[in-house]
Amino acid sequence: MQTFVSYDGTTLAYRAVGSGPPLIVLSGGPGRASSYLGTLGGLARHRTLVLLDTRGTGASELPADLSTVRVDRLVDDVEALRIHLGLDAIDLLGHSAGGGWALLYAAAHPGRLSHLVLVAPSLVAVGLPSDVGTEEVLSSRSKEPWYGTALPAYRGMAAARSFAEAARFRAAFEPLMYGRWDAAARAHAAADPAERSLPVSDHYYAGYTPDPGVLPALRALPAPVLFLGGAVDLWPTAASLTQAASLFRDATLHVQPNAGHYPWLDDPYHFSGTVAAFLTT
(Lines give C-alpha, C1' and ligand atoms only; values in the text may rest on other atoms or scores of the structure.)
Protein backbone atom coordinates (compact mmCIF):
# COMPACT_ATOMS: atom_id res chain seq x y z
CA MET A 1 0.00 0.00 0.00
CA GLN A 2 1.05 3.57 -0.66
CA THR A 3 -0.38 6.62 1.05
CA PHE A 4 -0.94 10.33 0.54
CA VAL A 5 -2.50 13.12 2.57
CA SER A 6 -5.76 14.47 1.19
CA TYR A 7 -7.08 18.04 1.28
CA ASP A 8 -8.19 17.94 4.94
CA GLY A 9 -5.21 16.07 6.39
CA THR A 10 -6.80 12.60 6.16
CA THR A 11 -4.28 9.92 5.14
CA LEU A 12 -5.59 7.77 2.29
CA ALA A 13 -4.16 4.53 0.91
CA TYR A 14 -4.00 3.05 -2.54
CA ARG A 15 -2.46 0.05 -4.29
CA ALA A 16 -0.73 0.31 -7.65
CA VAL A 17 -1.09 -3.02 -9.47
CA GLY A 18 -0.04 -4.01 -12.99
CA SER A 19 1.81 -2.26 -15.77
CA GLY A 20 1.11 0.39 -18.35
CA PRO A 21 -0.47 3.85 -18.08
CA PRO A 22 -2.25 4.54 -14.77
CA LEU A 23 -5.98 3.99 -14.37
CA ILE A 24 -7.44 5.39 -11.14
CA VAL A 25 -10.12 3.05 -9.77
CA LEU A 26 -12.89 4.05 -7.35
CA SER A 27 -14.55 1.25 -5.41
CA GLY A 28 -18.19 0.81 -4.52
CA GLY A 29 -20.14 -0.78 -1.72
CA PRO A 30 -20.55 1.97 -0.77
CA GLY A 31 -17.90 1.67 1.89
CA ARG A 32 -16.14 -1.44 0.61
CA ALA A 33 -12.34 -1.54 0.52
CA SER A 34 -10.78 -1.78 -2.93
CA SER A 35 -9.49 -5.32 -2.34
CA TYR A 36 -12.75 -6.76 -3.72
CA LEU A 37 -11.78 -5.45 -7.17
CA GLY A 38 -8.74 -7.73 -7.45
CA THR A 39 -7.04 -7.05 -10.78
CA LEU A 40 -10.40 -6.38 -12.50
CA GLY A 41 -10.31 -9.60 -14.45
CA GLY A 42 -6.73 -9.14 -15.59
CA LEU A 43 -7.11 -5.51 -16.65
CA ALA A 44 -3.83 -5.00 -14.75
CA ARG A 45 -2.10 -6.69 -17.69
CA HIS A 46 -2.95 -3.62 -19.76
CA ARG A 47 -2.93 -0.76 -17.23
CA THR A 48 -1.46 0.13 -13.85
CA LEU A 49 -4.51 0.06 -11.61
CA VAL A 50 -4.39 2.72 -8.90
CA LEU A 51 -6.91 1.21 -6.49
CA LEU A 52 -7.97 3.82 -3.95
CA ASP A 53 -9.39 2.80 -0.59
CA THR A 54 -12.27 5.19 0.09
CA ARG A 55 -11.63 7.21 3.25
CA GLY A 56 -12.64 5.10 6.22
CA THR A 57 -12.21 1.79 4.39
CA GLY A 58 -9.32 -0.65 4.03
CA ALA A 59 -6.03 1.03 4.90
CA SER A 60 -7.40 4.58 4.56
CA GLU A 61 -7.93 6.63 7.68
CA LEU A 62 -11.44 7.07 9.07
CA PRO A 63 -11.93 10.84 9.38
CA ALA A 64 -13.26 12.36 12.57
CA ASP A 65 -15.83 14.22 10.47
CA LEU A 66 -17.93 11.50 8.85
CA SER A 67 -19.67 14.05 6.65
CA THR A 68 -16.49 14.01 4.54
CA VAL A 69 -17.30 10.46 3.35
CA ARG A 70 -20.41 11.76 1.57
CA VAL A 71 -20.20 11.01 -2.14
CA ASP A 72 -19.93 14.60 -3.34
CA ARG A 73 -17.19 15.45 -0.85
CA LEU A 74 -15.14 12.44 -1.95
CA VAL A 75 -14.55 14.25 -5.25
CA ASP A 76 -11.81 16.25 -3.54
CA ASP A 77 -9.98 13.03 -2.62
CA VAL A 78 -9.73 12.06 -6.29
CA GLU A 79 -8.37 15.47 -7.15
CA ALA A 80 -5.85 15.20 -4.31
CA LEU A 81 -4.76 11.80 -5.65
CA ARG A 82 -4.37 13.18 -9.18
CA ILE A 83 -2.11 15.93 -7.84
CA HIS A 84 -0.18 13.44 -5.70
CA LEU A 85 0.47 11.27 -8.76
CA GLY A 86 1.59 14.30 -10.78
CA LEU A 87 -0.91 13.71 -13.59
CA ASP A 88 -2.33 16.53 -15.70
CA ALA A 89 -5.25 14.35 -16.78
CA ILE A 90 -6.45 10.93 -15.68
CA ASP A 91 -8.21 7.85 -16.91
CA LEU A 92 -10.83 7.07 -14.27
CA LEU A 93 -12.89 3.93 -13.57
CA GLY A 94 -15.67 3.75 -11.01
CA HIS A 95 -17.58 0.64 -10.00
CA SER A 96 -21.06 0.63 -8.45
CA ALA A 97 -21.27 3.48 -5.91
CA GLY A 98 -17.79 4.44 -7.11
CA GLY A 99 -19.36 5.05 -10.51
CA GLY A 100 -21.55 7.79 -9.07
CA TRP A 101 -18.50 9.21 -7.33
CA ALA A 102 -16.62 9.17 -10.67
CA LEU A 103 -19.52 10.95 -12.39
CA LEU A 104 -19.40 13.74 -9.81
CA TYR A 105 -15.65 14.09 -10.34
CA ALA A 106 -16.24 14.31 -14.10
CA ALA A 107 -18.81 17.07 -13.62
CA ALA A 108 -16.52 19.04 -11.31
CA HIS A 109 -13.25 18.55 -13.23
CA PRO A 110 -14.09 17.81 -16.87
CA GLY A 111 -10.74 19.10 -18.12
CA ARG A 112 -8.85 16.60 -15.97
CA LEU A 113 -10.35 13.50 -17.60
CA SER A 114 -8.99 11.58 -20.59
CA HIS A 115 -11.38 8.59 -20.34
CA LEU A 116 -14.20 7.70 -17.98
CA VAL A 117 -15.20 4.05 -17.43
CA LEU A 118 -18.38 3.36 -15.46
CA VAL A 119 -18.79 -0.29 -14.45
CA ALA A 120 -22.25 -1.12 -13.13
CA PRO A 121 -22.44 2.46 -11.85
CA SER A 122 -24.92 3.64 -9.27
CA LEU A 123 -26.79 6.58 -10.79
CA VAL A 124 -28.22 7.87 -7.49
CA ALA A 125 -25.55 10.56 -7.16
CA VAL A 126 -26.65 12.23 -10.39
CA GLY A 127 -30.39 11.82 -9.82
CA LEU A 128 -31.03 9.13 -12.42
CA PRO A 129 -32.84 5.82 -11.84
CA SER A 130 -30.84 2.60 -11.55
CA ASP A 131 -33.83 0.23 -11.41
CA VAL A 132 -35.60 0.55 -14.76
CA GLY A 133 -36.90 -2.95 -15.55
CA THR A 134 -35.62 -4.58 -12.35
CA GLU A 135 -38.68 -6.83 -12.05
CA GLU A 136 -38.04 -8.21 -15.54
CA VAL A 137 -34.45 -9.01 -14.62
CA LEU A 138 -35.60 -10.75 -11.46
CA SER A 139 -38.10 -12.84 -13.41
CA SER A 140 -35.41 -13.90 -15.86
CA ARG A 141 -33.60 -15.67 -13.01
CA SER A 142 -36.62 -17.44 -11.54
CA LYS A 143 -35.40 -20.91 -12.54
CA GLU A 144 -32.19 -20.63 -10.51
CA PRO A 145 -32.13 -23.07 -7.54
CA TRP A 146 -31.46 -20.27 -5.04
CA TYR A 147 -34.20 -17.95 -6.33
CA GLY A 148 -36.81 -18.91 -3.71
CA THR A 149 -34.67 -17.53 -0.88
CA ALA A 150 -32.93 -14.76 -2.84
CA LEU A 151 -36.13 -12.99 -3.94
CA PRO A 152 -37.54 -12.28 -0.44
CA ALA A 153 -34.03 -11.27 0.64
CA TYR A 154 -33.95 -8.80 -2.24
CA ARG A 155 -37.28 -7.36 -1.07
CA GLY A 156 -35.86 -7.01 2.42
CA MET A 157 -32.71 -5.32 1.14
CA ALA A 158 -34.74 -2.88 -0.93
CA ALA A 159 -36.91 -1.94 2.06
CA ALA A 160 -34.03 -1.58 4.54
CA ARG A 161 -33.48 1.88 6.02
CA SER A 162 -29.76 1.46 6.66
CA PHE A 163 -26.89 -0.66 5.42
CA ALA A 164 -26.67 -2.27 8.85
CA GLU A 165 -30.31 -3.36 8.51
CA ALA A 166 -29.74 -4.55 4.95
CA ALA A 167 -26.84 -6.71 6.12
CA ARG A 168 -29.36 -9.12 7.68
CA PHE A 169 -30.52 -10.11 4.19
CA ARG A 170 -27.16 -10.06 2.42
CA ALA A 171 -26.19 -13.75 2.55
CA ALA A 172 -29.45 -14.92 0.94
CA PHE A 173 -29.53 -12.03 -1.52
CA GLU A 174 -25.98 -12.33 -2.86
CA PRO A 175 -26.59 -14.88 -5.68
CA LEU A 176 -28.61 -12.21 -7.51
CA MET A 177 -25.49 -10.05 -7.76
CA TYR A 178 -23.53 -12.52 -9.89
CA GLY A 179 -24.00 -13.99 -13.33
CA ARG A 180 -22.82 -17.37 -12.01
CA TRP A 181 -23.18 -18.41 -8.39
CA ASP A 182 -20.04 -20.53 -8.45
CA ALA A 183 -17.18 -20.98 -5.98
CA ALA A 184 -15.47 -17.75 -7.05
CA ALA A 185 -18.68 -15.77 -6.61
CA ARG A 186 -19.36 -17.31 -3.20
CA ALA A 187 -15.85 -16.47 -2.00
CA HIS A 188 -16.16 -12.93 -3.32
CA ALA A 189 -19.51 -12.44 -1.55
CA ALA A 190 -18.23 -13.98 1.70
CA ALA A 191 -15.41 -11.41 1.83
CA ASP A 192 -17.85 -8.46 1.79
CA PRO A 193 -18.48 -8.02 5.56
CA ALA A 194 -14.77 -7.86 6.41
CA GLU A 195 -14.10 -5.40 3.59
CA ARG A 196 -17.00 -3.07 4.37
CA SER A 197 -17.11 -0.10 6.74
CA LEU A 198 -20.73 0.35 7.80
CA PRO A 199 -20.15 3.92 9.09
CA VAL A 200 -18.94 4.86 5.62
CA SER A 201 -21.81 3.00 3.96
CA ASP A 202 -24.41 4.79 6.06
CA HIS A 203 -22.87 8.26 5.60
CA TYR A 204 -22.19 7.93 1.88
CA TYR A 205 -25.50 9.48 0.83
CA ALA A 206 -26.55 10.99 4.19
CA GLY A 207 -28.03 14.42 3.60
CA TYR A 208 -27.08 14.32 -0.07
CA THR A 209 -29.24 15.83 -2.80
CA PRO A 210 -28.02 15.81 -6.42
CA ASP A 211 -26.93 19.23 -7.66
CA PRO A 212 -29.19 20.25 -10.60
CA GLY A 213 -26.09 21.50 -12.42
CA VAL A 214 -24.47 18.06 -12.58
CA LEU A 215 -26.40 16.63 -15.53
CA PRO A 216 -25.84 19.66 -17.80
CA ALA A 217 -22.12 19.48 -16.95
CA LEU A 218 -22.02 15.79 -17.84
CA ARG A 219 -23.85 16.37 -21.12
CA ALA A 220 -21.00 18.69 -22.12
CA LEU A 221 -18.24 16.33 -20.95
CA PRO A 222 -15.53 16.24 -23.65
CA ALA A 223 -13.96 12.93 -22.53
CA PRO A 224 -15.27 9.65 -23.97
CA VAL A 225 -17.34 7.55 -21.56
CA LEU A 226 -17.85 3.79 -21.40
CA PHE A 227 -20.93 2.45 -19.62
CA LEU A 228 -20.36 -1.26 -18.96
CA GLY A 229 -23.07 -3.24 -17.24
CA GLY A 230 -24.16 -6.82 -16.77
CA ALA A 231 -27.18 -8.18 -18.60
CA VAL A 232 -28.63 -9.61 -15.36
CA ASP A 233 -27.54 -6.84 -12.97
CA LEU A 234 -30.30 -5.40 -10.78
CA TRP A 235 -28.64 -2.08 -9.85
CA PRO A 236 -28.16 -0.68 -12.44
CA THR A 237 -30.14 -2.58 -15.01
CA ALA A 238 -29.10 -2.53 -18.65
CA ALA A 239 -32.22 -0.44 -19.35
CA SER A 240 -31.10 2.16 -16.80
CA LEU A 241 -27.64 2.35 -18.37
CA THR A 242 -29.17 2.77 -21.82
CA GLN A 243 -31.10 5.81 -20.61
CA ALA A 244 -28.07 7.28 -18.84
CA ALA A 245 -25.68 6.79 -21.76
CA SER A 246 -28.05 8.66 -24.06
CA LEU A 247 -27.37 11.86 -22.09
CA PHE A 248 -23.68 12.02 -23.01
CA ARG A 249 -22.17 13.50 -26.14
CA ASP A 250 -19.55 10.72 -26.47
CA ALA A 251 -20.74 7.57 -24.71
CA THR A 252 -20.34 3.89 -25.51
CA LEU A 253 -22.74 1.39 -23.95
CA HIS A 254 -21.64 -2.22 -23.51
CA VAL A 255 -23.91 -4.80 -21.87
CA GLN A 256 -21.91 -7.91 -21.00
CA PRO A 257 -23.93 -11.09 -21.58
CA ASN A 258 -24.72 -13.33 -18.60
CA ALA A 259 -23.00 -10.93 -16.20
CA GLY A 260 -24.15 -9.44 -12.92
CA HIS A 261 -22.85 -6.63 -10.75
CA TYR A 262 -19.23 -7.82 -10.90
CA PRO A 263 -18.71 -8.52 -14.61
CA TRP A 264 -14.96 -9.07 -14.29
CA LEU A 265 -15.72 -12.21 -12.26
CA ASP A 266 -18.35 -13.56 -14.66
CA ASP A 267 -16.10 -13.33 -17.73
CA PRO A 268 -12.70 -11.77 -17.00
CA TYR A 269 -11.40 -11.90 -20.57
CA HIS A 270 -14.51 -10.29 -22.01
CA PHE A 271 -14.46 -7.58 -19.36
CA SER A 272 -10.78 -6.71 -19.43
CA GLY A 273 -10.65 -6.81 -23.22
CA THR A 274 -13.60 -4.45 -23.55
CA VAL A 275 -12.22 -1.91 -21.10
CA ALA A 276 -8.66 -2.09 -22.45
CA ALA A 277 -9.87 -1.52 -26.01
CA PHE A 278 -11.95 1.48 -24.96
CA LEU A 279 -9.01 3.07 -23.15
CA THR A 280 -6.96 3.04 -26.35
CA THR A 281 -9.52 5.20 -28.21
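Residues numbered from 1 in each chain as written. Predicted model: local features only at pLDDT ≥ 70, side-chain atom pairs only at ≥ 80, totals over all residues. Heavy atoms only, no water.

## Re helix α2 (residues 97-108)
The periodicity of an α-helix, 3.6 residues per turn, causes residues three or four positions apart to be oriented the same way. Basically, it comes down to this: Counting from the N terminus, the helices are the DSSP runs of H or I reaching at least four residues and the strands are the DSSP runs of E reaching at least two. Under the convention used throughout, the expected extent of a helix is 1.5 Å for every residue step, that is, one less than its residue count. Exposure categories follow from relative accessible area, calculated using a 1.4 Å probe and restricted to protein chains: below 20% of the type maximum is buried, above 50% is exposed, and the middle band is partly exposed. Contacts are assigned to residue pairs with any non-hydrogen atoms lying within 4.5 Å of each other.
In a regular helix each residue adds 1.5 Å, so 12 residues correspond to 16 Å; α2 covers 17 Å between its end C-alpha atoms and thus fits that length. Burial runs high along α2: 11 of the 12 residues are buried. Of all the residues in α2, the buried ones are Ala97, Gly98, Gly99, Gly100, Trp101, Ala102, Leu103, Leu104, Tyr105, Ala106 and Ala107. Lining the buried residues of α2 we find β3 (22-26), β4 (48-52), α1 (75-85), β5 (90-95), β6 (113-119) and α10 (214-219).

## Points about the pairing of strand β2 (residues 11-18)
Side-chain positions along a regular strand alternate between the two faces of the sheet. To be explicit about the condition: Pairing between two strands is assigned when DSSP locates at least 2 bridges connecting them.
Pairing analysis gives 4 bridges linking strand β1 (residues 2-5) to β2, with the strands arranged antiparallel. Of the residues in β2, the one forming a bridge with Phe4 is Leu12. Two elements, β2 and β4, share 5 bridges in a ladder whose sense is antiparallel. Within β4, the position partnered with Ala16 by the bridge is Val50.

## So, unusual backbone geometry
A cis amide bond, omega -10°, links Gly29 with the succeeding residue Pro30. If you trace the backbone, Pro30 turns up in the loop between β3 and β4. The omega torsion across Trp235 and Pro236 is 5°, close enough to zero to call that bond cis. Non-glycine residue Ser96 carries a positive phi angle of around 55°. The residue Ser96 is located in the loop between β5 and α2 in this model. With phi around 45°, Ala120 is a residue other than glycine that occupies positive phi space.

## Digging into the nonpolar core
Note the following rule: Here, nonpolar core refers to any group of buried Ala, Val, Leu, Ile, Met, Phe, Trp, Tyr and Cys residues whose side-chain atoms link them within 4.5 Å.
One finds Leu92, Trp101, Leu113 and Leu116 to be the most contacted residues of the largest nonpolar core, which totals 41 residues. Looking at this core, the element that brings in the most residues is α2, giving 8 residues. When residues no more than four places from it in sequence are discounted, the contact partners of Leu113 are Ile90, Leu92, Tyr105, Ala106, Leu221 and Ala223. Within the second largest apolar cluster, 39 residues are counted, among which are Leu49, Ala160, Leu176 and Leu228.

Function cannot be inferred from these measures alone, as they are strictly geometric.
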